[in-house]
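What follows is the residue order along each chain.
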Amino acid sequence: MIEKVHITPWAKKSDADPLHSLCSYLGAFPPSLANYFIKYFTDANDLVFDPFSGRGTTILESRILERNSIGADLNPIALALSKSKSFNLKEKDLLNRIDELEEDYDYALFLPEAQAQSDEIHLIFHPRTLAELCYMRVMLLESENKLDQFLIGAVLGIMHGGERKDGSSGYLSISMPNTFSMSPDYVRRFVQTKELNRVYRSVFINLREKIKRVFKKHNSPKIESKIFECDVKELSKSSNFKPYKNKVDLILTSPPYLGIVNYAKQNWIRSWFLESDPLLVSERLDDDLNINQWVKFSKLFVTEFKKFLKPNGVAVFVIGDVAKSSNSVIPLAREFSMMIKENGLFENIWLFSDYIQGVDKTTRIWGETKGKATATDRIVILSDSNPFEKNNRLNGESVLTYDLIKESTKHFLGDLVTL
């Protein structure tokens, strides 16, 4: 039987808050998806939790919808981006802070540090730009100031990318085809082939432009979020998260897939700014597992996550299919659902298939080299109660009726579940 394709309420190109685009991030799901399920399953002031917070999509949408939220991640880049979206800040304060930083900057003091950086970094940035980046690392990374923590995320967003047709750029690097980090050897060959010259780009000017673009249509929500570094396999042992046990109304997240994205290695340039070793970070992350390892990993993190849900809480996981070969796909969500069922982790399992259009998938920048990523995400919904019963939060506007959810679940999971 051929699976029916339903138009989802988040499928159309959304008018997402521009803060979502502060920095590109591989594997992120659309803000409209997060917005939909937060509205569907929670009320104002409820608590939303994203244990794989990534670039902070769930965090920001929770704040916009006046929900409390907490996030966790192990990747320093993800932590920086999620934190940058967790604060209530004003544009004028950020611009004033950039002015202060520029006024205190002394090129002569930071030129020696710039000269001491690796050859790979020198390939990418003009010496003057590199000196400014070295200065910003010193000024921002150890700061507890919310303005500075936001600016870290903004700097990561302008680190590298392509030039405009007129030769100007909103990025600091040589003109690069993508906003994820290609390998150092690839960058070296790319520079030589294209005969690229490093052009001075002012960190301060580009930061101001970035802030103005973001805040042109962004009104910072008053409610703030809490973001903590944590290994999800040991979530319940974390002193930061213990106060939230049995307090969460909705978990909304997307776990790492099977070796599709190595978040550390494919962000080595941003890792340089954060003074983190991408190889060491990669060893800590669970983003390069085979299917058996991933199922075991998922059992561990779901067991941990459930300790934080209220008895009637809901967990929503966005899990993409994985291409095993050109004509073979691993429906990872089915393996995930079977693990949930076999271990009795939740009483109810529902699944809805989201066929993503090319404009929505972050991995579209790979083009034909997107590797194992597919155009299908599965939305797995778990709960010990039935969150669809008497749910009128969307006032009848919901495309995902309970009958449609049951139909999709039955088609994809068959006799695995009883509805």
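Residues numbered from 1 in each chain as written. Predicted model: local features only at pLDDT ≥ 70, side-chain atom pairs only at ≥ 80, totals over all residues. Heavy atoms only, no water.

A. Region of interest: the overall build of the protein chain. Assigned secondary structure in the protein chain consists of 15 helices and 8 strands. Going through the 419 residues of the protein chain one by one, you find that 57% of them count as buried. A fraction of 77% describes how many contacts in the protein chain between residues 6 or more apart in sequence connect residues 24 or more apart. (Helix = DSSP H or I, 4+ residues; strand = E, 2+ residues; numbered from the N terminus. Buried < 20%, exposed > 50% of the residue type's maximum accessible area, 1.4 Å probe, protein only. Contact = heavy atoms within 4.5 Å.)

B. Structural context of the environment of valine 316. Take valine 316: it is sitting in strand 5 (residues 309-325). Among the residues examined, valine 316 registers a relative accessible area of 0% and is labelled buried. On a C-alpha basis, the gap between valine 316 and isoleucine 38 in space is 9.7 Å, while along the polypeptide they are 278 residues apart. Setting aside residues up to four positions removed in sequence, valine 316 forms contacts with Phe37, Phe41, Leu250, Ile251, Leu252, Thr253, Ile379, Val380 and Ile381.

C. View of the pattern of salt bridges. Evaluated as defined, the whole model comprises 15 salt bridges. Its salt-bridge partner being aspartate 231, residue lysine 233 comes within 3.2 Å of it at the nearest N-O pair. Taking the relative accessible area as the measure of exposure, lysine 233 reaches 27% and is therefore partly exposed. For aspartate 231, a relative accessible area of 23% corresponds to the partly exposed category. (Salt bridge = Lys/Arg side-chain N within 4 Å of Asp/Glu carboxyl O.)

D. Region of the structure containing the confidence of the model for the protein chain. The pLDDT averaged across the protein chain works out to 86; a share of 83% of its residues lies at or above 70. Below pLDDT 50 for its whole length, residues 358-371 participates in 24 contacts with residues either more than four positions away or in separate chains. (pLDDT = per-residue confidence, 0-100.)

E. Representation of helix 8 (residues 146-157) in the model. Look at helix 8: 17 Å from first C-alpha to last across 12 residues, which is about the 16 Å you get at 1.5 Å a residue. Of all the 12 residues making up helix 8, 11 are buried; the element is thus mostly covered by neighbouring parts of the structure. Where helix 8 is buried, its residues meet helix 3 (76-84), helix 4 (91-104), helix 7 (127-140), helix 10 (203-215) and helix 11 (268-273). The residue sitting at the N-terminus of helix 8 and contributing the capping side-chain oxygen is asparagine 145; that oxygen lies 2.6 Å from the backbone nitrogen of leucine 147. (Expected span 1.5 Å × (residues − 1). Polar contact = N/O pair within 3.5 Å; in protein donor to acceptor, adjacent residues only side chain to side chain.)

F. Spatial organisation of unusual backbone geometry. The backbone of glutamate 66 shows a phi angle near 65 degrees, a positive value even though the residue is not glycine. The topology assignment puts glutamate 66 in the loop between helix 2 (57-64) and strand 2 (68-73). Here the phi dihedral of asparagine 246 falls at roughly 60 degrees; this positive angle occurs in a residue that is not glycine. Considering the arrangement of structural elements, one finds asparagine 246 in the loop between strand 3 (226-229) and strand 4 (248-253).

G. Structural view of the side chain of asparagine 35. When you line up the elements, asparagine 35 lands in helix 1 (residues 31-41). Residues contacting asparagine 35, with those up to four places away along its chain left out, are Glu61 and Leu65.

H. Layout of the pairing of strand 1 (residues 47-50). Across the two faces of strand 1 the burial is the same, with Leu47 and Phe49 and Val48 and Asp50 all buried. When strand 1 meets strand 2, the two strands line up parallel, connected through 4 bridges. Bridge assignment links valine 48 to a residue of strand 2, and that residue is serine 69. As for the winding sense of the linkage, the β-α-β connection from strand 1 through helix 2 to strand 2 is right-handed. (Pairing = 2+ DSSP bridges. Right-handed = clockwise from strand over helix to strand, strands pointing away.)

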